Amino acid sequence: MTRCRSAHGAGILVSVGVASLGLALAIGPGASPAAAQGERPSLEDLYKAFHAQPELSFEEEKSAARMAAELAAVGAEVTTAIGGHGVVAVLRNGPGPTLMLRSDLDALPVTEETPLP
């Protein structure tokens, strides 16, 4: 059966996106690493949600909307519809260096040949 699934590489990139959200929780205004650790279950749920409903390249409408909403919820200034479904978020944390992260949210159509769900 051919299904749209998140391939290993795409899974790593989605992990970066979810990790970016975790980082935002850890370094956002008034946040702490302990607070981010407390969010781990919700971040794992988000990771699983992205993998449960993968979207092909240029069709990531729901994934982009979810990531934009999650980033906005932690106080980021979010801009959507960049080059299609792209999302840019700025989380201000005072003066100092700027950290930039990039992530893909698209999945690849593959034939599942393992017993994994």
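For clarity, every value in this text was computed on a predicted model and none was experimentally measured. (Residues numbered from 1 in each chain as written. Predicted model: local features only at pLDDT ≥ 70, side-chain atom pairs only at ≥ 80, totals over all residues. Heavy atoms only, no water.)

Trainee: Could you give me a rundown of the overall build of the chain, with the residues and numbers involved?
Mentor: For the chain, the helix and strand inventory stands at four helices and five strands. The order of helices and strands in the chain, counted from the N terminus, is β-α-α-α-β-α-β-β-β. Expressed as a percentage of its 117 residues, the buried residues of the chain come to 26%. A separation of at least 24 residues holds for 64% of the contacts in the chain among residues at least 6 apart in sequence. (Helix = DSSP H or I, 4+ residues; strand = E, 2+ residues; numbered from the N terminus. Buried < 20%, exposed > 50% of the residue type's maximum accessible area, 1.4 Å probe, protein only. Contact = heavy atoms within 4.5 Å.)

Trainee: Which residues make up a nonpolar patch on the surface, and what are the values?
Mentor: Nonpolar side chains collect at one region of the surface, where Ile82, Val88 and Val90 lie side by side and expose about 210 Å² of accessible area between them. Structurally, Ile82 is set in strand β3 (residues 77-82). Overall, the relative accessible area of 41% leaves Ile82 in the partly exposed class. (Patch = residues over 30% accessible without salt bridge, like charges linked within 9 Å, V, L, I, M, F, W, Y side chains within 5 Å. Areas by Shrake-Rupley, 256 points an atom, 1.4 Å probe, with all protein chains shown as cover. Salt bridge = Lys/Arg side-chain N within 4 Å of Asp/Glu carboxyl O.)

Trainee: Quick one: what's the story with the side chain of Glu55, residue by residue and with numbers?
Mentor: Tracing the chain through its elements places Glu55 in strand β2 (residues 55-56). For the buried residue Glu55, which engages in no salt bridge, the nearest side chain bearing the opposite charge is Lys62, 5.7 Å off. (Lys, Arg positive; Asp, Glu negative; His and termini not counted.)

Trainee: Tell me what's going on with the pattern of salt bridges, and back it up with residues and numbers.
Mentor: One pass over the full model with this rule turns up two salt bridges. Its salt-bridge partner being Arg66, residue Glu70 comes within 2.9 Å of it at the nearest N-O pair. Of this pair, Glu70 and Arg66 both sit in helix α4 (residues 61-73), four residues apart, roughly one helical turn. For Glu70, a relative accessible area of 25% translates into the label partly exposed. In this structure, the salt-bridge partner of Glu77 is Arg92, at a minimum N-O distance of 2.9 Å. Separated by 15 residues along the polypeptide, Glu77 in strand β3 and Arg92 in the loop between β4 (86-90) and β5 (106-111) bring together distant segments of the chain. Residue Arg92 is classed as exposed on the basis of its relative accessible area, which comes to 53%.

Trainee: Can you tell me about the pairing of β3, naming the residues and giving the values?
Mentor: Relative to β4, β3 runs antiparallel, the two being bridged by five bridges. Following the sheet pairing, Thr80 is matched in β4 by Val87. Connecting the antiparallel pair β3 and β4 is a turn made up of three residues, with Gly83 showing a positive phi of about 60°. (Pairing = 2+ DSSP bridges.)

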